Amino acid sequence: MTTSLQSLSGSQELRLLGLAALLALMATVTTIDLLQHAKGGGGRARRVWLATAAAAGGFALWAAQVVALLADDAAVPLGAVPVVLSLAASVVTLAAALRLALDPRPALRMTGGALLGLGVLAPHDLDLIGGATSLGDLARVGAGAGAAALIGALGMRLAAGEAPGRQSAGSLVLVCAGLARYLGQRNLVHQDLPHQGLAALSDDGIAPVIGVASLMLLAVVLATLAVDRQARRRREQQDLARSLADASIEGIALCDGDRIVTANTSLAALLGCPAERLRGRRLGDLLEGEGQARLDAAEGRAVAVTLVGGRGERVAAEAALRPITVAGRPHRALAVRDVTARLEAERHIQYLVHHDALTGLPNRARFNERLEGAVAEAARGARGLAVLCLDVDCFKEVNDTCGEAAGDAGLRLIVRWVERALAEDQVLARLGADEFAVLAPGLEREHEVSGLAERVLAALRPEIWRESGLPALTLSIGAALFPRDAQDAAGLMSRAEAALAAVKAQGGDGFRIFEVGLGAELRERRGLEHDLRQAARRGEFALVYQPQIDVASGRVVGFEALLRWTHPERGQVPPDRFIPIAEETGSILAIGEWVLRQVCREAAGWESPLRVAVNVSPVQLHHPDFAQVVQEVLHETGLDPARLELEITETALVREPARALVTLRRLKALGLRIAMDDFGTGYSSLSNLRVFPFDKIKIDRSLVRAVDENREAAAILRAVLGLGRGLGLPVVAEGVETLAELAFLDTEACQEAQGYLIGKPLPIEAFGELTRLGPAAQARGARDAA
Ligand code: C2E
Ligand code: CA
Ligand code: CA
């Protein structure tokens with residue numbers, strides 16, 4: 001279907017050129033638009049849009065070229081094969097150019113632009129080169145192509161960029177590339193190739209048809225593009241909304257009526273199931289019980305609900321349901337906040353309010369609550385209960401001397417072992433620093449309560465302290481019974497505390513059940529405490545001396561100094577009564593120092609160098625300054641340290657063996673001697689004798705009593721004497737009251753003796769002869785005194 005082309009009139013030519021220019025511009029703008037759109041999409045969408053751009057743009061550019069050539073009155077290759085070929089070439093070139101233009105690297109983009117510039121009108125170039133042309137013509141075509149490539153490169157660089165203004169500018173520059181190309185060929189076509197195309201299109205009516213068809217094609221493409229743009233924008237908006245919703249910590253669901261349309265990941269995580277699985281589910285299914293009804297009723301306010309998770313688990317939450325409009329339709333937005341952590345924190349605070357942080361035990365407030373409850377319940381059930389108040393003996397001292405860490409560890413150890421001694425329904429609580437209490441429901445008989453108290457005391461065995469390396473602590477326990485001793489919780493506590501105070505008054509480390517008369521006892525103790533503080537100042541203290549003899553020779557070798565207190569109203573108060581009080585109140589430190597100074601001064605004044613023994617309380621021994629005080633007193637009084645003996649009971653070592661050892665060594669370094677007092681009453685441990693630097697063992701008078709008659713006592717005494725021999729320590733027997741006892745000690749080779757038989761404790765003046773005279777008179781004097 002080849003026809004010859006008619007000459008076109010000037011105005012016709014212009015119109016066609018205008019149409020070609022319009023087509024070229026439209027094609028370029030559309031192509032660049034599509035290119036930008038393809039860039040925004042990914043994967044398949046990108047390829048589809050790129051292909052559309054290549055197809056539509058390629059066709060339109062091709063059409064522009066044909067129309068321009070027709071306007072030039074040129075022979076246009078519009079036969080079936082050349083048409084298809086040139087069209088295909090245009091589309092393929094554009095596709096390749098656009099593919100390159102998509103690349104982020106500017107060099108490749110520019111290459112794409114150059115390709116585009118070269119590609120436009122390229123089919124016609126072939127046509128031209130195929131025809132007989134001069135070298136000059138070829139050069140012109142080449143120059144046009146080169147210019148088009150350069151301009152195209154520049155145009156694409158602009159057009160493929162991000163800024164919209166540059167894109168439009170780029171499109172215009174690209175059109176210029178086409179123009180350059182066209183100008184390079186224009187005259188050639190016009191002059192040298194009249195009607196010589198391979199297949200010439202001669203119908204002048206075809207140009208407008210092609211032009212309009214291409215324009216329509218471009219219009220359709222642009223319309224599609226607009227629709228897709230809108231869809232894409234909507235998708236982006238949805239994505240944005242979803243990302244925002246997913247970013248929220250709160251669970252969010254959009255509901256259409258009762259049905260969930262969409263839910264965010266937080267809600268999915270809260271419910272433990274994928275967000276997709278929530279879509280379409282009924283809101284009510286996610287909430288336990290009347291949750292939805294409450295949400296509806298709350299009208300947008302937050303209410304506490306329980307969510308039902310994917311595996312049926314319950315999650316405590318706070319939720320609000322609010323009306324919103326989505327796409328013009330009323331919906332509801334559910335916002336959910338997980339309050340598990342907050343509830344957990346609240347529970348923890350509650351726990352802290354009611355428990356002691358160190359031991360985890362209920363505190364005083366909690367204990368009082370429980371006690372009140374237990375009393376009410378016991379009253380209803382006509383049953384009894386017992387309250388035990390526990391107090392750690394000398395805790396303050398341990399805390400002060402060993403540090404709070406050791407004190408805390410000691411308390412924890414006590415709690416651990418006391419708890420083991422308790423039955424399931426018995427509650428241990430910490431009421432204060434070193435105060436504890438036990439509530440024992442159902443315990444109503446005295447012997448049951450004593451049994452419990454004994455178990456608790458026995459739980460703190462010496463081994464647990466030794467193993468832990470902590471200073472040993474003991475407990476004092478006071479108990480009261482409901483309903484016998486009091487009818488209410490407060491009364492019971494005060495009775496148990498009174499019983500505890502009575503135990504403390506007796507030196508602690510024991511227990512007592514409340515009894516009528518305790519009050520008077522305690523009042524007396526308070527009175528003694530008070531008077532004891534004044535005693536030294538008022539000069540109510542005095543010292544007596546009890547002689548000690550060498551059993552074999554009968555010679556007096558020394559004295560034990562014993563303290564006496566003459567109370568202005570009560571008269572003589574025995575040391576067994578007031579020393580424990582002085583120890584507990586701490587006044588023993590001053591009293592003990594007074595005793596030491598008195599004794600040393602006294603002994604330093606004797607003519608005969610007799611030994612003198614001074615009793616040292618555990619409280620003194622554990623005081624960090626004790627060795628220092630002794631050293632000062634020795635220095636001050638001038639007493640030869642070798643004449644001073646300090647009597648220390650075994651119990652003083654147990655609490656804090658390491659510290660005691662250090663003090664004993666420092667004392668020994670002063671040159672004095674240490675005697676273990678009251679051996680046979682406490683632990684009587686061989687290891688204590690070995691570990692601590694003792695110089696002497698004093699056997700308690702309970703072991704000496706009737707040793708001549710009682711076979712068992714005799715056996716024990718022999719064993720202790722053997723022990724002393726084995727360790728190379730001399731033994732002093734205390735409390736010798738009869739000649740038979742003394743004779744027994746003599747037979748068993750006990751080194752020294754002390755007791756009423758030899759001499760009662762008396763003021764030192766009574767022993768004037770002994771302290772002044774030589775050895776022979778001393779022995780005589782001792783017998784006289786007895
Ligand atoms: P202790 O150290 O065992 O003192 C010996 C106690 O036995 C003294 O009682 C003494 O009078 C008594 N005694 C001596 N010979 C006999 C005897 O043949 N038969 C009997 N039945 N008793 C005898 P005292 O003076 O009442 O002292 C009691 C305790 O008071 C002492 O026991 C000692 O632990 C403590 N004590 C006395 N003075 C002081 C002191 O100055 N400082 C300290 N820390 N404690 C002291
Ligand atoms: Ca003693
Ligand atoms: Ca003793």
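Keep in mind that this is a model prediction, so the values were computed, not measured. (Residues numbered from 1 in each chain as written. Chains lettered and ligands numbered in written order. Predicted model: local features only at pLDDT ≥ 70, side-chain atom pairs only at ≥ 80, totals over all residues. Heavy atoms only, no water.)

> Go over the nonpolar core, please, and point to the residues and values.
Among the nonpolar cores identified, the biggest contains 77 residues, and Y545, F559, L621, L644, L646, L653 and L667 are the most heavily contacted of them. Examining the composition of this core, we find that seven residues originate from one element, helix α21 (residues 588-604), more than from any other. Counting 38 residues, the second-largest nonpolar core is a separate cluster that includes A386, L413, L443 and I513. (Core = buried A, V, L, I, M, F, W, Y, C linked by side-chain atoms within 4.5 Å. Buried < 20%, exposed > 50% of the residue type's maximum accessible area, 1.4 Å probe, protein only. Helix = DSSP H or I, 4+ residues; strand = E, 2+ residues; numbered from the N terminus.)

> Please provide a residue-by-residue account of the coordination of the calcium ion (ligand 3), values included.
Each pair of donors in an ideal four-coordinate tetrahedral metal site encloses 109.5 degrees, whereas pairs in an ideal six-coordinate octahedral site enclose 90 or 180 degrees. In the first shell of the calcium ion (ligand 3), the protein supplies D677 (OD), D678 (OD), E734 (OE) and E734 (OE), at 2.2 to 2.5 Å from the metal. In primary sequence terms, the donor set of the calcium ion (ligand 3) follows D-D-x55-E. The metal-metal distance between the calcium ion (ligand 3) and the calcium ion (ligand 2) is 3.7 Å, with D677 serving as a donor to both. Here D677, found in strand β16 (residues 673-679), pairs with E734, found in the loop between β18 (731-733) and α29 (739-747); they are 57 residues apart in sequence, far enough to count as distant. A residue is classified by how much of its surface remains accessible, and E734, at 10% relative accessible area, is buried. (Donors = N, O, S within 2.8 Å, 3.2 Å for Na, K, Ca; no water.)

> Hey, could you go over the packing of aromatic side chains for me, with residue numbers and the actual values?
Tallying each qualifying case throughout the model produces 10 aromatic pairs. Ring geometry for F559 against F767: centres 5.0 Å apart, planes inclined by 50°, an arrangement best described as tilted. Here F559 is found in strand β12 (residues 556-567), whereas its partner F767 is found in the loop between β19 (752-754) and α30 (768-772), with 208 residues between them in sequence. You'll find F559 and F767 in the same group, each marked buried. Chaining the aromatic ring pairs together yields one cluster made of F541, W565, F578 and W594. The ring of W417 is capped by R420, whose NZ or CZ atom sits 4.3 Å from the centre of that ring. When the ring centre of Y756 is taken as reference, the NZ or CZ atom of K760 above it lies at 4.8 Å. (Phe/Tyr/Trp six-rings, centres within 6.5 Å; stacked < 30°, edge-to-face > 60°. Lys NZ or Arg CZ within 6 Å of the ring centre and 35° of its normal.)

> Can you lay out the sheet that holds strand β6 (residues 385-392) for me, pointing to particular residues and giving the numbers?
The strand order β7-β8-β6-β9-β10 describes an open sheet built from five strands, whose pairing is mixed. Each edge of the open sheet is held by one strand with a lone partner, namely β7 (427-430) and β10 (510-513). The mean inter-strand angle of the sheet, taken between neighbouring strand axes irrespective of direction, is 20°. When β7 meets strand β8 (residues 435-441), the two strands line up antiparallel, connected through four bridges. Opposite L428, over in β8, you have V438 as the bridge partner. Where helix α15 (residues 404-421) meets the sheet, its contacts fall on β6, β7, β8 and β9 (475-482), and the angle it forms with β7 comes to roughly 165°. (Pairing = 2+ DSSP bridges. Axes fitted to C-alpha atoms, helices over the stretch in contact; angles between N-to-C directions. Contact = heavy atoms within 4.5 Å.)

> Quick rundown of the packing of helix α14 (residues 395-402) against α15? Include the residues and the values.
The contact between α14 and α15 brings their axes to 6 Å, and the two run at 140°. Taken together, the axis directions place α14 and α15 in an arrangement best described as oblique. Here α14 contributes F395, N399 and C402 to the contact with α15, which in turn contributes E404, A406, G407 and L411. (Parallel < 35°, antiparallel > 145°, perpendicular 65-115°, else oblique.)

> With reference to specific residues and values, describe the sheet that holds strand β1 (residues 251-256).
Read across the sheet, five strands follow the order β2-β1-β5-β4-β3 without closing on themselves; strand pairing throughout is antiparallel. Sheet topology places β2 (259-263) and β3 (303-308) at the edges, where each strand pairs with a single neighbour. Each neighbouring strand pair of the sheet contributes to a mean axis angle of 40°, computed without reference to strand direction. Here strand β4 (residues 314-326) runs beside strand β5 (residues 329-338); their pairing, made up of 10 bridges, is antiparallel. Looking at β5, one finds that I324 is bridged to H331. Relative to β3, helix α11 (residues 291-298) is tilted by about 150°, and along the sheet it contacts β3, β4 and β5.

> Before we move on, could you go through the environment of V516 and cite the residues and values that matter?
Locating V516 in the fold gives a position in the loop between β10 and α19 (518-535). A relative accessible area of 80% means that V516 is categorised as exposed. Taking C-alpha positions, V516 is 80 Å from T325, a pair spaced 191 residues apart along the chain.

> Summarise unusual backbone geometry; cite the residues concerned and give the values.
Omega for the bond connecting F482 with P483 falls within 30 degrees of zero, at 5°, which places this linkage in the cis form. Examined against the element boundaries, P483 turns out to sit in the loop between β9 and α18 (489-505). The backbone phi angle of D678 is positive, close to 55°, even though this residue is not glycine. Residue position: D678 is located in strand β16. Its relative accessible area of 26% is what places D678 among the partly exposed residues. Of note in this structure, A749 is not a glycine but carries a positive phi near 60°. Within the secondary structure, A749 sits in the loop between α29 and β19.

Shape descriptors only; they carry no functional weight alone.
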